[in-house]
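# Remarks on the overall topology
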Amino acid sequence: MKNQELFVCPPYLERVMSRLTAAGHAAFAVGGAVRDCLLGRKPHDYDLTTSATPDEIAAVFSDMRTIPTGIAHGTLTVLSDGNPIEITTFRVDGGYSDGRHPDAVSFSRNLGDDLARRDFTVNALAWSQETGFVDLFGGIADLRSGVIRAVGEPSRRFPEDALRILRAFRFSARLGFSIEKETLCAAVRLKDRLALISAERIASELCGLLCAPHPAPALTAMKDAGILSLILGDEEAPVRRLVDLTNAALSPRARH
């Protein structure tokens with residue numbers, strides 16, 4: 001899918017991508033920036049994925065400031081005109097014995113390997129000037145339908161990283177999307193794995209959800225799924241009240 005005009009590629013990003021391709025490496029914008037451009041929204045930041053290894057990335061940008069943000073997982077941050085761009089090598093994740101982080105990663109020269117490891121189809125989109133949009137998992141169709149859907153089998157995605165369960169609801173609140181049936185069923189079935197996630201990470205996802213444009217439907221879905229009571233325990237009552245107040249505020253009667 002071409003439609004380059006839909007993707008906003010600022011000059012500082014284009015320079016970084018051009019350097020990588022001039023050095024013989026594939027380079028794609030990936031994730032949230034691609035999703036937001038397709039939704040007609042201005043991206044807050046840009047991430048790149050590339051066939052270059054971390055050492056090759058460092059060599060390409062040896063005259064620029066780089067930060068080894070997550071070098072063990074193949075990520076370097078390059079500052080281009082003062083703008084940070086995270087660049088990550090195409091990779092395949094190993095097992096997730098702690099239910100949160102891959103035990104190891106292996107680098108790949110295949111974009112498809114990298115997109116296959118991502119959480120939701122709307123986040124597994126890539127773009128380059130040469131190819132236009134790359135959509136291997138139906139993310140564009142899900143954007144049009146307003147659906148949050150796991151990449152591949154949700155019963156595999158959530159055990160890899162249980163935080164994805166909460167991320168599904170946060171993206172639902174942020175985008176105003178529903179969660180696809182099989183993805184939601186897997187989230188409910190595997191919700192006990194949230195015990196593996198730190199309180200700080202859970203709090204961060206909840207804050208992001210509450211600050212999103214559409215929190216009430218997502219909170220209601222979490223309550224119906226038994227996820228709010230699982231993560232909040234006795235603290236759930238105030239959130240239930242918040243759901244009721246938010247629903248009331250958004251009702252047609254309240255707007256007139």
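One structure accompanies this document, and this report is about it. Everything quoted here is computed from the prediction, not taken from an experiment.

Parameters and conventions
- Residues numbered from 1 in each chain as written.
- Predicted model: local features only at pLDDT ≥ 70, side-chain atom pairs only at ≥ 80, totals over all residues.
- Heavy atoms only, no water.
- Helix = DSSP H or I, 4+ residues; strand = E, 2+ residues; numbered from the N terminus.
- Buried < 20%, exposed > 50% of the residue type's maximum accessible area, 1.4 Å probe, protein only.
- Contact = heavy atoms within 4.5 Å.
- Areas by Shrake-Rupley, 256 points an atom, 1.4 Å probe, with all protein chains shown as cover.
- Pairing = 2+ DSSP bridges.
- Axes fitted to C-alpha atoms, helices over the stretch in contact; angles between N-to-C directions.

Okay, the overall build of the chain next. A tally of regular secondary structure across the chain gives 13 helices and 11 strands. By residue count, 46% of the 256 residues in the chain fall in the buried class. Pairs at least 24 apart in sequence give 64% of the contacts found in the chain among residues at least 6 apart. Summing over all exposed atoms, the chain offers an accessible surface of approximately 12,300 Å²; the carbon and sulfur share of this is 52%.

Okay, the sheet that holds strand 2 (residues 47-50) next. One key point about sheets: their strands pair by backbone hydrogen bonds, in either a parallel or an antiparallel sense. A sheet is described by the order of its strands in space; here seven strands give the open sequence 3-4-5-2-1-8-9, paired in mixed fashion. The open sheet has two free edges, formed respectively by strand 3 (66-70) and strand 9 (132-135), since each of these has just one partner strand. Averaged over all adjacent pairs, the angle separating strand axes in this sheet is 35 degrees, with direction ignored. Two elements, strand 3 and strand 4 (residues 75-80), share three bridges in a ladder whose sense is antiparallel.

Along the chain, the position of Asp142 falls in helix 5 (residues 139-145). Look at Asp142 and you get buried, because its relative accessible area is 5%. Each C-alpha atom of the pair Asp142 and Val122 lies 6.7 Å from the other, and the pair is 20 residues apart in sequence. Those residues in contact with Asp142 that lie beyond four places of it in its chain are Thr121, Val122, Val147, Arg149 and Phe177.

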